Amino acid sequence: MQFHVLGPVEVHTAGKPVVIPRRRERCLLAILLLELNRVVSIDRLTQLLWDDEPPEHARRTIHSHVSRLRSTLANAGAAEHGVALVSSGLGYLMQADPQLVDAHRFCAMVDESATIIDREARVIQLRAALHLWRGTALDNAASSWLRDRLCADLEERRIAATENLVLDSLALRREQEILPDLARYVQNNLGRERLVELYMLALHRCGRKVDALDVYTRARAFLADELGLDPGPALRKLHQEILTDQTTPEPNGVTAPRHTSTTLPVPRHLPADIASFTGRATYLDQLDALLPSNAASGTPVVITAIGGTAGVGKTALAIHWAHRVADRFPDGQLYLNLRGFDPSGAPVDSATAIRDILDALQVPPQRIPTSPHGQASLYRSMLAGRRMLLLLDNASDAKQVRPLLPGTPGCLVVVTSRSQMSGLATAEGAHTLTLDLPTVTEARQLLARRLGADRVAAEPDATDEIIARCGQLPLALAVVASRAATHPGFPLRVFADDLHQSGGNLDAFTDADATADVRAVFSWSYDTLNAQAARLFRLLGLHPGPDFTTAAAASLAGIPVQEVREQLNELIRAHLINEHVPGRYTFHDLLRAHASELAHHHDTEPDRRAAQHRLLDHYLLTAYNAAMLLNPHREPINLAQPQPGATLETINDRANALSWFATEHRLLGAATAQAASIGFYTHAWQLAWCLVDFFRRQGHWHDWAATHHTALDAARKLADPLAQALTHRTLASAHQHLGHDDDALGHLLDALDRFDELGDQAGQAHTHMEICILFERQCQYHEAFSHARLALDLYRATGDLGGEATALNGMGWLHVQLGDHRQAIRLCRQALALQQKIGDIPYEAATWDSLGYAHHHLDQHQQAITCYQRALELVRDLGDRYREADVLTRLGDSHQAAGETDLAREAWKHAFDILEDLDHPDAEQVQTKIG
């Protein structure tokens, strides 16, 4: 019995295939084979089999799959070969000899090749190992997401083995022998510059200089088109040598594969090292010992604090050590604050963190997929083969960190957290390092570094009392030292007495709850503020975070922008906030918590609520103005007048609106959740309403659904039927984009009921059109047509020309689906005239698309192309990426029908790139057209 996973998942016994008809059962078998002789938990199987989105009865389904798989294997004589699918208390394991599974046989053969000294024998061994691959691993069983998760290491080993085979073959002067295989490998891996180099060298040795230069041209084009990169220096150097015939075809010229890549940006994002850092020698030595012995291995390192104590110096130690070893990671260093213990209660989710890393690696926004799975795959691909250091600061738990771990060796991950991170140690093999308080000697050295050794030595008793009252906590010591440094003429005894008189003893920081005395220490900076700046600092603690603009701060305080700028500058000088980019401010999580507590202590509940009201007005009215610029023909909603003191951002045109939403949409989502949580229910559903067109055009469909579920809860608490109706309808549209048609129909019917109760004919008409679109997607054209007809009658009854045009276009599109193309053109021309009359650009684009489709089916391909090109101009101007891909796909179809194959392929390629970025299922269909 033989099991194959390096290609389609197959089982053979006695030379005959064993039929496993269900894809998910083949997938289950593959997972168990890859984890051979190890228990795979049911929870993990559930995640893997359904790409992290399991159905309600996943466990029951897994049991059924296992039962059928057991029967299939038993009928094939598995027991005779020592093969058994065994249940355990936690999950299942497949028991078998690893030599029966091609993946394990491949790894063993590659490992054995490393011990073979004779180059000839090594070539034979590597050829035999690579011959086990019959295509893409798990080809007929796994999704691309799952394949990336399970097979990334196998694929990397395959390419490494290929490179080693080529190196040995070149050294044996077997260029002609290796060229066919090498050509195939390079064709599928033009982004692997080392393979390209070897192929060019082999071609050049065979006297095929022109072919070698052509390979370079193709690789350079691939790198530019697919990755936005230039060839690396080694590849450019070889190209120049071949051009000038300076390359020497000696075996010694073939070098080992390099691990450093200079073709991608090299980020240097570590915060500045702490100038006064001192001590911690034992911990630094332990961290040095965890460095990989070579560039091919990278082990996550976890730094945690005893009992979750804040301020013990985890971040300072991690940053200092990262600077110390930065030269070991020439591809760059990244830093992310994961805000795991942020006072807002909103840690950075892994998807956002990955997006931030992709931004740091300068991946163009239009190339970043919208789904978390797609972004994670791109992230791991970008880090594959690179030697980078990732510093993940202030993590909440292992679950937050795990998706951020690179999928291949070479990178080092340092994590700081108040949790022990035992999950990472158990599952990921991470090393843990528990950071204790510094010794008294180290604390004294810290003060001496900041204040001068002579000043500290002059007052040993006062110094020791400060250290004792700070509980040796580095954060508290740093704040005390900062104040002492600003008053160099004051004796240290003054600061020791101040600590005593503040009523707190900072030894409490050695306990699990270590915030009381930090408040007293922070109060020194706070007490230096004037009354206006102090009030602003307190109110900033009410902001949902993580950062804010000048106008947002002005709204919180209820004062003009110019006045708030002066107060913000004072807070910057006091080191209570910082301006991390021009016009945007943030501050440390402990300071934010301190500000919030001060607000609850000093400001009355009505004052706090008024500040939050002004802030939500700021976001709502700015978002509403931006939303109406994005879609001027959208039916408006009624907003309350803003509170006095609320300041709006200035947004003048559609481009500004799109840019503002791109910057603020995550914060607006947080503001929506905050509004709902503190009882501002109208702000909650209206903020969500404002985000619809941005989410629709940029493909943020999961965010769209999440904000609107919050909005619907808020509308229900308001008992506002109009708010409920509007939110049901927009939530339905989000579900349609996510492919949740049943949920979408339920929300649309709920919306229709509420609009009917209100006697709102316009609302009914819009909802009928949404139901029409849903039924059309399901190919229920007659049902869709009846709803379009109802919408048309309602639009005409209300005098809504834009709605009438939309319904006419919808009916025209349905006539195309039903085969009456000339009637479709007649209706769409009526719609187009109305849309051009009122300047309804979004729906004019849709009508041009419908006309193109109708002409295409009448074999009037040039007319179709003209219509599609007009639609394309409009949707690109609108920034509607999904509709752009949709139009491009049909444009390609018309080019193909007109015999313009190259233009067809070009249009489909652009459509595929967009759909792949959006992680949309239609991408596969377009890729088939290209093929």
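Below or above, wherever it landed, is the structure these notes cover. (Residues numbered from 1 in each chain as written. Predicted model: local features only at pLDDT ≥ 70, side-chain atom pairs only at ≥ 80, totals over all residues. Heavy atoms only, no water.)

**What about the overall build of the protein chain?**
Then, in step 1: When helices and strands are counted, the protein chain shows 42 helices and 14 strands.
Then, in step 2: Out of the 931 residues belonging to the protein chain, those deemed buried represent 53%.
Then, in step 3: Long-range pairs, those at least 24 residues apart, make up 68% of the contacts in the protein chain with a sequence separation of at least 6.
Then, in step 4: Here the protein chain has roughly 39,700 Å² of accessible surface; of this, 50% comes from carbon and sulfur atoms. (Helix = DSSP H or I, 4+ residues; strand = E, 2+ residues; numbered from the N terminus. Buried < 20%, exposed > 50% of the residue type's maximum accessible area, 1.4 Å probe, protein only. Contact = heavy atoms within 4.5 Å. Areas by Shrake-Rupley, 256 points an atom, 1.4 Å probe, with all protein chains shown as cover.)

**Topic: the sheet that holds strand E3 (residues 16-18)**
Two pairing modes exist for strands in a sheet, parallel and antiparallel, and in both the strands are linked by backbone hydrogen bonds.
Then, in step 1: Strand order in the open sheet made by the three strands is E1-E2-E3, with antiparallel pairing throughout. The sheet is open, and its two borders are formed by strand E1 (2-4) and E3, each paired with just one other strand. On average, adjacent strands in this sheet sit at an angle of 30 degrees to one another, irrespective of strand direction.
Then, in step 2: Strand direction decides the pairing type here: E1 and strand E2 (residues 10-13), joined by three bridges, are antiparallel. Across the sheet, residue His-4 finds its bridge partner in E2, namely Glu-10. (Pairing = 2+ DSSP bridges. Axes fitted to C-alpha atoms, helices over the stretch in contact; angles between N-to-C directions.)

**Some thoughts on the nonpolar core**
Then, in step 1: Membership of the largest hydrophobic core comes to 109 residues, with the highest contact counts inside it found for Leu-529, Phe-537, Leu-540, Leu-571 and Phe-661.
Then, in step 2: Of the residues forming this core, the biggest block, 12 residues, is contributed by helix H27 (residues 605-630).
Then, in step 3: Non-local contacts of Leu-571, meaning those with residues more than four positions away in its chain, are made with Leu-529, Ala-533, Leu-536, Phe-537, Leu-540, Leu-576 and Ile-577. (Core = buried A, V, L, I, M, F, W, Y, C linked by side-chain atoms within 4.5 Å.)

**A word on the packing of helix H39 (residues 861-878) against helix H40 (residues 881-897)**
Then, in step 1: The interhelical angle for the contact between H39 and H40, taken along N-to-C directions, is 160 degrees, at an axis separation of 9 Å. The orientation of H39 with respect to H40, classified from their angle, is roughly antiparallel. Crossing of H39 against H40: the hand is left-handed. The residues of H40 that touch H39, namely those facing His-861, Ala-864, Ile-865, Tyr-868, Gln-869, Ala-871, Leu-872, Val-875 and Arg-876, are Arg-883, Glu-884, Val-887, Leu-888, Arg-890, Leu-891, Ser-894, His-895 and Ala-897.
Then, in step 2: The residue inventory of the contact of H39 with H40, partitioned by class, reads 10 nonpolar, four polar and four charged. (Parallel < 35°, antiparallel > 145°, perpendicular 65-115°, else oblique. Left-handed = near helix turned anticlockwise from the far one by under 90°. Nonpolar A, V, L, I, M, F, W, Y, C, P; charged D, E, K, R; others polar.)

**Some remarks on the pattern of salt bridges**
Oppositely charged side chains are able to pair whenever their charged atoms sit close together.
Then, in step 1: Enumeration over the complete set of coordinates arrives at 41 salt bridges.
Then, in step 2: The residue Arg-22 makes a salt bridge to Glu-25 at a minimum N-O spacing of 3.7 Å.
Then, in step 3: According to the relative accessible area criterion, Arg-22 is partly exposed, its value standing at 40%.
Then, in step 4: The shortest N-O distance in the salt bridge between Arg-174 and Glu-177 comes to 3.8 Å.
Then, in step 5: Glu-177 sits in the partly exposed class, given a relative accessible area of 40%.
Then, in step 6: It is possible to trace a salt-bridge network through shared partners that takes in Glu-120, Arg-127, Arg-174 and Glu-177. (Salt bridge = Lys/Arg side-chain N within 4 Å of Asp/Glu carboxyl O.)

**Here we look at the sheet that holds strand E13 (residues 578-581)**
Then, in step 1: Within the open sheet, the three strands sit side by side as E12-E14-E13. Their pairing is antiparallel. With one partner strand each, in any of the chains shown, strand E12 (548-549) and E13 form the two edges of the open sheet.
Then, in step 2: The pairing of E12 with strand E14 (residues 584-586) spans two bridges and is classified as antiparallel. Residue pairing for E14: Phe-548 is matched across the bridge by Tyr-585.

**Side note on the environment of Ala-84**
Then, in step 1: Inspection of the secondary structure assignment puts Ala-84 in strand E5 (residues 84-87).
Then, in step 2: Residue Ala-84 is classed as partly exposed on the basis of its relative accessible area of 29%.
Then, in step 3: For the pair formed by Ala-84 and Asn-37, sequence separation is 47 residues and the distance between their alpha carbons is 9.8 Å.
Then, in step 4: If near-sequence neighbours (up to four positions away) are discounted, Ala-84 is found in contact with Leu-93, Met-94 and Gln-95.

**Some remarks on the packing of aromatic side chains**
Then, in step 1: Summed over the entire model, instances satisfying the criterion amount to 10 aromatic pairs.
Then, in step 2: Look at Phe-490 and Phe-495: their rings are 6.2 Å apart centre to centre, the planes differ by 25 degrees, and that puts the pair in the stacked class.
Then, in step 3: By way of ring pairs, the aromatic residues Trp-660, Phe-661, Phe-694 and Phe-695 are connected into one cluster.
Then, in step 4: The aromatic ring of Trp-689 is capped on one face by Arg-634, whose charged end is 3.5 Å from the ring centroid. (Phe/Tyr/Trp six-rings, centres within 6.5 Å; stacked < 30°, edge-to-face > 60°. Lys NZ or Arg CZ within 6 Å of the ring centre and 35° of its normal.)

**Focus: unusual backbone geometry**
Then, in step 1: Phi angles above zero are rare outside glycine, and Ala-14 is one such case at about 55 degrees.
Then, in step 2: Relative to the assigned elements, Ala-14 resides in the loop between E2 and E3.
Then, in step 3: For Ala-14, a relative accessible area of 73% gives the class exposed.

**A short note on the packing of helix H32 (residues 721-737) against helix H33 (residues 741-758)**
Then, in step 1: Packing of H32 against H33 brings their axes to within 8 Å, and their N-to-C directions diverge by 160 degrees. With respect to H33, the element H32 is oriented roughly antiparallel. Once H32 is placed against H33, the crossing between them reads as left-handed. Of the residues in H33, those touching H32 at Pro-721, Leu-722, Gln-724, Ala-725, Leu-726, His-728, Arg-729, Leu-731, Ala-732, His-735 and Gln-736 are Asp-741, Asp-743, Ala-744, His-747, Leu-748, Asp-750, Ala-751, Arg-754, Phe-755 and Leu-758.
Then, in step 2: Of the residues assigned to the contact of H32 with H33, the class counts are 11 nonpolar, five polar and five charged.

**Points about helix H29 (residues 681-690)**
Then, in step 1: H29 sits mainly inside the fold: eight of its 10 residues count as buried.
Then, in step 2: Every buried residue of H29 is accounted for by His-683, Ala-684, Trp-685, Gln-686, Leu-687, Ala-688, Trp-689 and Cys-690.
Then, in step 3: Check the buried side of H29 and you find it contacts H27, helix H28 (654-677), helix H30 (692-698), helix H31 (701-718) and H32.

**Observations concerning the pairing of strand E9 (residues 389-395)**
Then, in step 1: Counting buried positions along E9 yields seven of seven residues, so the element is predominantly enclosed.
Then, in step 2: Examined bridge by bridge, strand E8 (residues 333-337) and E9 share five bridges and lie parallel to one another. The residue bridging Tyr-335 from the neighbouring strand is Leu-391, located in E9.
Then, in step 3: Summarising the sheet, E9 and strand E10 (residues 412-417) pair through five bridges and their orientation is parallel. Residue pairing in the sheet places Leu-392 in a bridge with Val-415 of E10.

**Digging into the environment of Thr-115**
Then, in step 1: Structurally, Thr-115 can be placed in the loop between helix H4 (102-113) and helix H5 (119-130).
Then, in step 2: Here the side chain of Thr-115 touches Glu-112 through a polar contact of 2.6 Å, landing on its backbone oxygen. (Polar contact = N/O pair within 3.5 Å; in protein donor to acceptor, adjacent residues only side chain to side chain.)

**Digging into the side chain of Thr-730**
Then, in step 1: With respect to the helices, strands and loops of the structure, Thr-730 is situated in helix H32.
Then, in step 2: Taking the relative accessible area as the measure of exposure, Thr-730 reaches 11% and is therefore buried.
Then, in step 3: If we skip the residues at most four places from it in the chain, Thr-730 touches Arg-634, Val-692, Trp-704 and His-708.

**Considering the environment of Ser-64**
Then, in step 1: Structurally, the position occupied by Ser-64 is in helix H3 (residues 58-75).
Then, in step 2: Relative accessible area serves as the criterion here: at 32%, Ser-64 is assigned to the partly exposed category.
Then, in step 3: In this structure, the C-alpha to C-alpha distance between Ser-64 and Glu-25, residues 39 residues apart in sequence, is 9.5 Å.

**Focus on helix H19 (residues 460-469)**
Then, in step 1: Where H19 is concerned, the buried positions are Ala-462, Thr-463, Glu-465, Ile-466, Ile-467 and Arg-469.
Then, in step 2: Residues of H19 that are buried sit in contact with helix H17 (440-451), helix H18 (453-458), helix H20 (474-486) and helix H21 (492-501).

**Concerning the side chain of Gln-612**
Then, in step 1: Positionally, Gln-612 belongs in helix H27.
Then, in step 2: On the accessibility criterion, Gln-612 (13% relative accessible area) is buried.

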